[in-house]
Each structure stands twice: as C-alpha cells, then as structure tokens.
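# Architecture and fold: a report
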Amino acid sequence: MNKICFGCGVKIQSDDKNSLGFVPLEKLEDSQYCQRCFRMMHYGDNKKSVEPKSSKEIISCVNKRAKYVVFLVDFINIFDDVMELFKSIRVPKMLVISKSDIIPKNVSFSQIKNYLRVTYNIREDIVFTSNKTNLNTFVKKLYGLDEVYFLGLTNAGKSTLINSLLDRNKCDQKRLTVSYKENTTQDFLRINIGDMTIVDSPGFVFSNYELDKKTNIDSVIKPITYQNKMYRVYSLGNAFQFGVDGSTSLTFYFSKQIDIERFYNKRVDGMTFNVEDNTDVVICGLGFIKFTKKAKVTIPSEIMRYVNVRPSIVGGKYEQD
C-alpha cells in the first residue's frame, strides 16, 4: 500500500515509529495523516524533520519538473539569500508576499514592489495575499495553468494559502497540516483543485528563530521607535538582548506580544558589527529593526545565525512617483 500523508506528503508506514510517515499498524488502513501530522493538528506537537530536503535538492527538482512556480515570502523575511533562491528558479514564476495583513500601515504595497525591483532586480509578477483577505488578484494570476508548484521558506504560509484555495473552491479533500514550527511539509504533495494541480513543496530551511504562538506575528505590525544617543541595551521579550552604540533612531517591527525594553546600565557580550544609514537588521522568523543612522550593534553569538542585514524596506525612498 502506497498511501501518502495529506499533511506532509510522506509515504505512510507502520514499520518504524522513529521515521517519518509512521502510524500504528491498527490504524494504517484508515489513516489520512501520519501520527506526526495528526498530533500537530490536534495537540500542537511537533517533531522536526531529521533530514529536511536541502534548498539545492528542492530547486533542482523544481527546475526539472515544474511548469510554473509560486514563490512565497513574508514581509519580515525578505533578504539576500531568499531572493537568490527565487532568482535560481529557471521556470516561469511569480513572487507572492504572503501574510500581507501584517504589513504596517506606514508601508505601502507599491513601496515594497519598487523595493524588490530596485534592490533585487525582480521583473516577474509580484502579488500580495493573505488567507484573511480577498484572494481574487492572486487567483486571477493562476487562470489557465494546469500545474503550479508552491515554494517558500518554512512558515511562509504555503500550506495555509493552499487550504484557503481548497476552501474557496469548496473541495472535499483533507486540509494540509499547518504549524508555526519548521518543517511541516516533508515532501512534494500533489493536490487537485478543479482542473489545476497544486504541488506543495518542502519549505526552504534557514536558521529561523524558533517560532511559537507568542512570537508569531498574526496581526498588523505596529512599529515602536526609540531614540538612541549612546550605548544602550534593548531586550526583545524573553528572546534576547542586544546593544546599540551610536546616535540613531531604532524602529522595531515585531509581534505586539513581544515586550521591548531599554536599559541604561547593562552591557551585552557577543559579536559586534556596523550598520549603515537606513538599514534593517532582520531576525529571521521573528521581525526586524530599522536603523536610520550608522551604529555599532552587538548581538549574542548564539543569535547571530538568525541575523540578516538589508537596505531598509521602510520609508519613502522606494515610493513610486
């Protein structure tokens, strides 16, 4: 029997409880989901993939098989490595900015589009979507396509978007497993929606700061700004603390559930690096901080693997005339 788990795309098996796709033998015949996906859906449990597919494997497979690709990235995780992945896809494609309902009011969609075109030379369609808002613009872009691969970072919202399409088309199929943890989809999973086949792909695994319901951004970001004159330490809830030395304003774009505090008589040990004027320091999977002026930033060494630096996406520079 070659049943595939509809949650993660892995072949269902009852031989090895420590391997992906496991279900107890007595439930093998009736199971639509493996035990891992079932427990994620009903109990919030998560077991990470021991050997997630590498970005190179995913891209190689897609470039050989796909006719068209939808690539999802959310507002907080736009940085060089992600855009290089998008550009390495050699088949026709579309860039989708997912979770668009979290984008703060001071940042327009046209500003983000122009930023992507100027900073990363993106010439393909750029579409904004969210499972909470109207999908009409996105759906119209899919008209006439018979097969579409969905790609993106883990937690970019691929499975959520596909479930929204299933709901929109009133499909009877089981819904995909959705989790804040990495990496929910373990293998390529084919889903039929009317005359179109959607292929949900494993997420690209970067060093994401571990998400949970507290750190996940699930509503409009409300930026918080501090004026920094000399060395100060800032705390991001229970996540970590970092130091800033320089005269600059800092604007934080994080979940409203993360408390931000400033300390005057503390120091932080770690790695120190310089940021230029109008720079965003991105904490992958968590949020970002905009610096308006040059400064020195010290971040704990164990956090540095989550850090990416980009020209700031915020402000009027990229507004179209």
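Scroll up a little and you will see the structure.
Read on for a plain summary of the structure. (Residues numbered from 1 in each chain as written. Predicted model: local features only at pLDDT ≥ 70, side-chain atom pairs only at ≥ 80, totals over all residues. Heavy atoms only, no water.)

Each helix and strand in the protein was counted, giving 6 helices and 16 strands. Residues counted as buried form 55% of the 321 residues belonging to the protein. Put simply, 68% of the contacts in the protein that link residues at least 6 apart link residues at least 24 apart. Accessible surface, the protein: about 15,800 Å² in total, of which carbon and sulfur atoms supply 46%. (Helix = DSSP H or I, 4+ residues; strand = E, 2+ residues; numbered from the N terminus. Buried < 20%, exposed > 50% of the residue type's maximum accessible area, 1.4 Å probe, protein only. Contact = heavy atoms within 4.5 Å. Areas by Shrake-Rupley, 256 points an atom, 1.4 Å probe, with all protein chains shown as cover.)

This part is about the pairing of strand 2 (residues 93-98). Within strand 2, 6 of the 6 residues are buried, leaving the element largely enclosed by the surrounding structure. Here strand 2 shows two buried faces, one formed by Lys93, Leu95 and Ile97 and the other by Met94, Val96 and Ser98. Two strands pair when backbone bridges link them, and strand 1 (residues 69-74) and strand 2 are joined in this way by 6 bridges, in the parallel orientation. Bridge pairing links Asp74 to Ser98 in strand 2. In terms of handedness, the path from strand 1 via helix 3 (residues 80-87) over to strand 2 forms a crossover that is right-handed. As defined by bridge partners, strand 2 adjoins strand 3 (residues 126-128) across 3 bridges and the pair is classed as parallel. Bridge assignment links Ile97 to a residue of strand 3, and that residue is Phe128. Handedness of the crossover is the feature at issue here: the chain leaves strand 2, passes through helix 4 (residues 109-120), returns alongside strand 3, and the resulting connection is right-handed. (Pairing = 2+ DSSP bridges. Right-handed = clockwise from strand over helix to strand, strands pointing away.)

For any pair of aromatic rings, the description rests on two quantities: the centre-to-centre distance and the angle between the ring planes. As enumerated under the stated definition, the model contains 13 aromatic pairs in all. Ring geometry for Tyr226 and Phe252: centres 5.8 Å apart, planes at 85°, overall edge-to-face. Taken as a pair, Tyr226 in strand 7 (residues 224-228) and Phe252 in strand 10 (residues 248-253) lie far apart in primary sequence, 26 residues in all. Here Tyr226 matches Phe252 in class, with each residue buried. An aromatic cluster is present here, built from Tyr226, Tyr234, Phe240, Phe242, Phe252 and Phe254 joined pairwise through their rings. (Phe/Tyr/Trp six-rings, centres within 6.5 Å; stacked < 30°, edge-to-face > 60°.)

The next thing to look at is the sheet that holds strand 3. With respect to topology, 6 strands assemble into an open sheet ordered 3-2-1-4-6-5, the strand pairing being mixed. The open sheet terminates on both sides in strands that have one partner only, identified here as strand 3 and strand 5 (189-193). Across the sheet, the axes of successive neighbouring strands diverge by a mean angle of 25°, strand direction being ignored. Where helix 4 meets the sheet, it contacts strand 2 and strand 3, and its direction lies at approximately 150° from that of strand 3. Most of the contacts of helix 6 (residues 158-168) go to strand 4 (residues 147-152), to which it runs at about 145°, and overall it touches strand 1, strand 4, strand 5 and strand 6 (196-200). (Axes fitted to C-alpha atoms, helices over the stretch in contact; angles between N-to-C directions.)

Moving on: the sheet that holds strand 10. An order of 7-10-14-13-16 is seen for the 5 strands of this open sheet, with the pairing classed as antiparallel. Either end of the sheet is taken by a strand with one partner, and the two such strands are strand 7 and strand 16 (307-311). Neighbour to neighbour, the strand axes of the sheet diverge by 20° on average, direction disregarded. When strand 13 (residues 279-283) meets strand 16, the two strands line up antiparallel, connected through 5 bridges. Opposite Asp280, over in strand 16, you have Arg310 as the bridge partner.

Our focus in this paragraph is unusual backbone geometry. Glycine aside, a negative phi is what most residues show, and trans is what most peptide bonds show. At Lys99, a residue that is not glycine, the phi angle is positive and equals roughly 55°. Along the polypeptide, Lys99 turns up in the loop between strand 2 and helix 4. On the basis of relative accessible area, Lys99 is assigned to the partly exposed category, the value being 23%. Even without glycine at this site, Asn121 takes up a positive phi of about 55°. The class of Asn121 is partly exposed, set by a relative accessible area of 47%.

On to the environment of Pro92, then. Residue position: Pro92 is located in the loop between helix 3 and strand 2. Apart from the residues within four sequence positions on either side, Pro92 is in contact with Lys67, Tyr68 and Val69.

It is worth spelling out the pattern of salt bridges at this point. Inspection of every chain in the model, using the stated rule, returns 7 salt bridges. Asp146 serves as the salt-bridge partner of Lys67, at 3.2 Å between the closest nitrogen and oxygen. Here the residue Lys67 occupies a position in the loop between helix 2 (55-65) and strand 1, and Asp146 occupies one in the loop between helix 5 (136-142) and strand 4, the gap between them amounting to 79 residues. Judged by relative accessible area, which is 49%, Lys67 ranks as partly exposed. Put simply, Lys141 and Asp125 hold a salt bridge, and the shortest N to O gap is 3.4 Å. Taken together, the residues span a long stretch of sequence, with Lys141 in helix 5 and Asp125 in the loop between helix 4 and strand 3 at a distance of 16 residues. (Salt bridge = Lys/Arg side-chain N within 4 Å of Asp/Glu carboxyl O.)

No statement about biological role is implied by the geometric values presented.
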